[in-house]
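# Coordinate analysis (summary)
What follows is the residue order along each chain.
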Amino acid sequence: MLLQQLSDARGISGCEREVREIIEAAIDGLVDEQRVDTLGNLICLRRARRPVEGRPLKVMVAAHMDEIGLIVTGVNKDGTVRFDKVGGIDDRILLSKQVLIGQAAVPGVIGYRPIHLIARKEREAAPDLSRAAIDIGATSQSAAERLVSLGDPITFRTTYEALEPGALRCVKGKALDDRAGCAVLVELLQHDYAIDLYAVFTAQEEVGLRGARVAAYGIEPDLAFVLEGTICDDLPKGDEDTSHVTEVGKGPAITFMDRSFIADRRLVDLLVETAREEGIPYQFKKAAAGGTDAGAIHLSREGVPAVTVAVPCRNIHAPVSILSLNDLENTHRLMAAALQRIQGSLS
Amino acid sequence: MDLVAHLKELTMATGLSGYEGDVRSLVQKAWDPLVDAFETDALGNLMALKRGEPAEGTPRRAIMLAAHMDEIGLMVTGYEGGFLRFTRVGGVDLRTVLGQEVTVHGRRELIGVISSRPPHVLGEQERRTAVPTDKLFIDTGLTAEEVPHLVQVGDLVSMRRETIALAEGYLSGKAMDDRAGVATLTVCLQELSRLRHGWDVYAVATTQEELGLRGAIVSAYHTAPDAAIAVDVGFGAQVGVSDDESVEMDGGPAIAMGPNIHPSIYELLVQTAKEHEIKYQVEVAAGQTGTDAWAIQVAREGVPTGLLSVPLRYMHTSVETVCLRDIQRTGRLMARAIVALDSADVSAPML
């Protein structure tokens, strides 16, 4: 299964090759043109295959290949490995985790001071990461340096698996943000449209929407859709009146605003109308949190109408995320139907 | 036996305190070719007897070796929507479980994930504070309707962690505390099968250590040994822990001394280590050692007891890390010490 392959692949921002190669294999025969630009974006064109008057619209659909993770910043005298975070990570999720370092996937663990040696008061505070490092078993700096190098990418050691089968059909894995979007985008290349579909698998979204910016410049799209794995905070919150942002199982989440952009209303309407008419469940992302490639794309050149559609992911930006295959499939259905509705210009 | 495979099998099995059955089966299978008889008591302790061959005219005497099978973990305390609430079984640092995969031992084994909130919605203050217990949940991906059919209050939850080999003979996983100790007993029994010893050996895989040394209390009563050695794990040197608080990794077993330890057993272990050139270190425990040795010492009329600690990093997390060489050394040291008992005197009172 493609999502499984993509989730298990390792690719923090700036090191997306492994993910890109899986996608290149998956889209073989589905695209008319493809290229990889200098930042590592994979830009694919599937030309209009249905009749259209005049020039078909250039529609960019983007999903980012990179995932959050860590990077090697140093090796200590005792052979342990120092690291920094790549992308937005809550320090508190790093303790007691297994990781894989570099091309050779050297295994390591992030341990912490034993609870027995921690005062009760201190246990109420977030852990102090200056007291943690990655242990790869090396017992000296030189031994460690034979196994890892400065700048080596570090990913969580997590395996994609289906959870107990239930109504939501949940799966767990790492990097569902945004391998979910990548998987949907590959599927979208299987259909025929009256638009020139530019499927762009972007790089470096997690460190500032870097890949999408240059890809959009190169393509000059007429409009853009961004496919995401998005924030889902649907844990029980007692009486607290805070937003779940999105909820697992409620369908694709349509964003009208986040920290990086305000969606083009016409595109939001197109998605909502399509969902209603096709009987596809959908939800709105109910908080203006996070940013997506749409933030970079909509500011490209003279501006591009853009919207984001996302699969809700629990435990996003953590070692193990959870999504519902129902949501994934409904995102595909919604996007395929919406793209098929686009003819000529955007009114 | 392949020690890595043995320890992987032991650590990846589930055996929370009070529910050590699966681990016990594995231990019994591993020890079966090495011992003469097994007994299991009401608390689930596995007591294996390997008979000695005492010299003509010497009374039969027995030494108890103890390492605990149980591990810390979690237990389901309720539902909220499709999510599970939980409490700790043993000393889990709840700060280390966010984003952790677990196995919920419900009607079936379910994969679960301990939820973490999206960093995008967290305030600065929240990020600096440990997540309070009432905001921790296990997510099985099931709905509020589905969960009660598969999970009930009281179901156990274990850490779901593959044990992996690190560089230089280090191994990392959950429950090394104290399956590493159990593995030292396996090594010891293997060594003894090639040696001649006068004393009977009771190798005991104990239960419920993490909840208060309970298995050791009753198994020491039952075996009524003339001497005992407990094996547990000790704080190994690691980032964030000072030298004063820890012992050296790959430095061999830490031989304990202090009120919990009978000086003659301490001496026996130190002398044996020296004689056989087994790397060791000394650890002073001023009082309660927090190990089975504490319970065994006061069984019946008292037992001369020693304690060996296998150095271990990140105790009570799911990435507990040990050095295989320390496990081999600990097992070998015990075996040689048992042989040396024939010419030792452990009957003197404490100092």
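Computed from a prediction, not measured in an experiment: that's the story for all the values here.

## Comments concerning the overall build of chain A
- When its secondary structure is counted, chain A shows eight helices and 17 strands.
- Overall size of chain A, expressed as C-alpha extent along the three principal axes, is 70 × 50 × 40 Å.
- Here chain A holds 347 residues, and 57% of them are scored as buried.
- Pairs at least 24 apart in sequence give 76% of the contacts found in chain A among residues at least 6 apart.

## Focus: the interface of chain A and chain B
- Each side of the interface is counted separately: chain A has 59 residues, and chain B has 56 residues.
- Of all the secondary-structure elements, those providing two or more residues to the side of chain A that touches chain B are β7 (106-110), α3 (141-147) and β11 (170-173) of chain A.
- Top element by residues in the side of chain A that touches chain B is β7(A). It accounts for three residues.
- When the residues that make up the side of chain A that touches chain B are grouped by side-chain class, the tally is 33 nonpolar, 13 polar and 13 charged.

## Examining the domain arrangement of chain B
All names here are of chain B.
- By domain assignment, chain B separates into domain 1 (3-71 + 174-343) and domain 2 (73-159).
- Computed from C-alpha coordinates alone, the two centres of domain 1 and domain 2 are separated by 33 Å.
- At the interface, 11 residues of domain 1 touch 13 residues of domain 2.
- A per-class count over the side of domain 1 that touches domain 2 returns three nonpolar, five polar and three charged.

## Some details on the sheet that holds β11(A)
Residues and elements named next belong to chain A.
- Taken together, the three strands give an open sheet; going across it, the order is β10-β11-β17, and neighbouring strands pair in antiparallel fashion. Two strands lie at the open edges of the sheet, namely β10 (161-162) and β17 (321-324), each paired on one side alone.
- Relative to β11, β10 runs antiparallel, the two sharing two bridges. Considered in β11, the bridge of Glu161 is made with Lys172.
- The strands touched by helix α8 (residues 325-341) within the sheet are β11 and β17, with β17 carrying the most contacts at an inclination of about 60°.

## A closer look at the packing of helix α1 (residues 3-12) of chain B against helix α5 (residues 176-192) of chain B
All names here are of chain B.
- At a closest axis distance of 9 Å, the pairing of α1 and α5 adopts a crossing angle of 140°. Between α1 and α5, the angle falls in the class oblique. The handedness of the crossing between α1 and α5 comes out as right-handed. Residues Leu3, His6, Leu7, Leu10 and Thr11 of α1 pack against Met176, Arg179, Ala180, Val182, Ala183, Thr186 and Val187 of α5.
- Looking at side-chain class alone, the contact of α1 with α5 contains eight nonpolar, three polar and one charged residues.

## Considering helix α9 (residues 324-340) of chain B
- Here α9(B) is 17 residues long and its end C-alpha atoms lie 24 Å apart, about the 24 Å a rise of 1.5 Å per residue gives.
- With 13 of its 17 residues buried, α9(B) lies for the most part within the structure.

## Overview of helix α4 (residues 176-188) of chain A
- Helix length check: α4(A) (13 residues) gives 18 Å between terminal C-alpha atoms against 18 Å at 1.5 Å per residue, within 8%.
- Most of α4(A) is tucked away: 13 of the 13 residues are buried.

## Some thoughts on the pairing of strand β2 (residues 42-46) of chain A
Residues and elements named next belong to chain A.
- Judged by how many residues are buried, β2 sits mostly within the fold: four of five residues are covered.
- If you look at the hairpin formed by strand β1 (residues 33-36) and β2, you'll find five residues sitting between the two strands, and Gly40 has a positive phi there, around 100°.
- With five bridges connecting them, β2 and strand β12 (residues 196-202) associate as antiparallel partners. Residue Cys44 lies in a different strand from β12, and its bridge partner there is Ala199.

## Section: the environment of A:Ala296
All names here are of chain A.
- Here Ala296 shows up in helix α7 (residues 294-297).
- With 192 residues separating them in the primary sequence, Ala296 and Ala104 have C-alpha atoms 33 Å apart.
- Apart from the residues within four sequence positions on either side, Ala296 is in contact with Leu209, Ala212, Arg213 and Ala216.

## Quick look at the domain arrangement of chain A
Residue and element names in this part refer to chain A.
- On domain assignment, one finds that chain A holds domain 1 (2-67 + 174-341) and domain 2 (69-156).
- Taking the mean C-alpha position of each, domain 1 and domain 2 sit 32 Å from one another.
- Each side of the interface is counted separately: domain 1 has 11 residues, and domain 2 has 11 residues.
- Tallied by class, residues from the side of domain 1 that touches domain 2 come to five nonpolar, two polar and four charged.

Cut-offs and rules
- Residues numbered from 1 in each chain as written.
- Chains lettered and ligands numbered in written order.
- Predicted model: local features only at pLDDT ≥ 70, side-chain atom pairs only at ≥ 80, totals over all residues.
- Helix = DSSP H or I, 4+ residues; strand = E, 2+ residues; numbered from the N terminus.
- Buried ≥ 20, exposed ≤ 12 C-beta atoms within 10 Å, placed from the backbone.
- Contact = placed C-beta atoms within 7 Å.
- Nonpolar A, V, L, I, M, F, W, Y, C, P; charged D, E, K, R; others polar.
- Domains from an automatic or database assignment.
- Pairing = 2+ DSSP bridges.
- Axes fitted to C-alpha atoms, helices over the stretch in contact; angles between N-to-C directions.
- Parallel < 35°, antiparallel > 145°, perpendicular 65-115°, else oblique.
- Left-handed = near helix turned anticlockwise from the far one by under 90°.
- Expected span 1.5 Å × (residues − 1).

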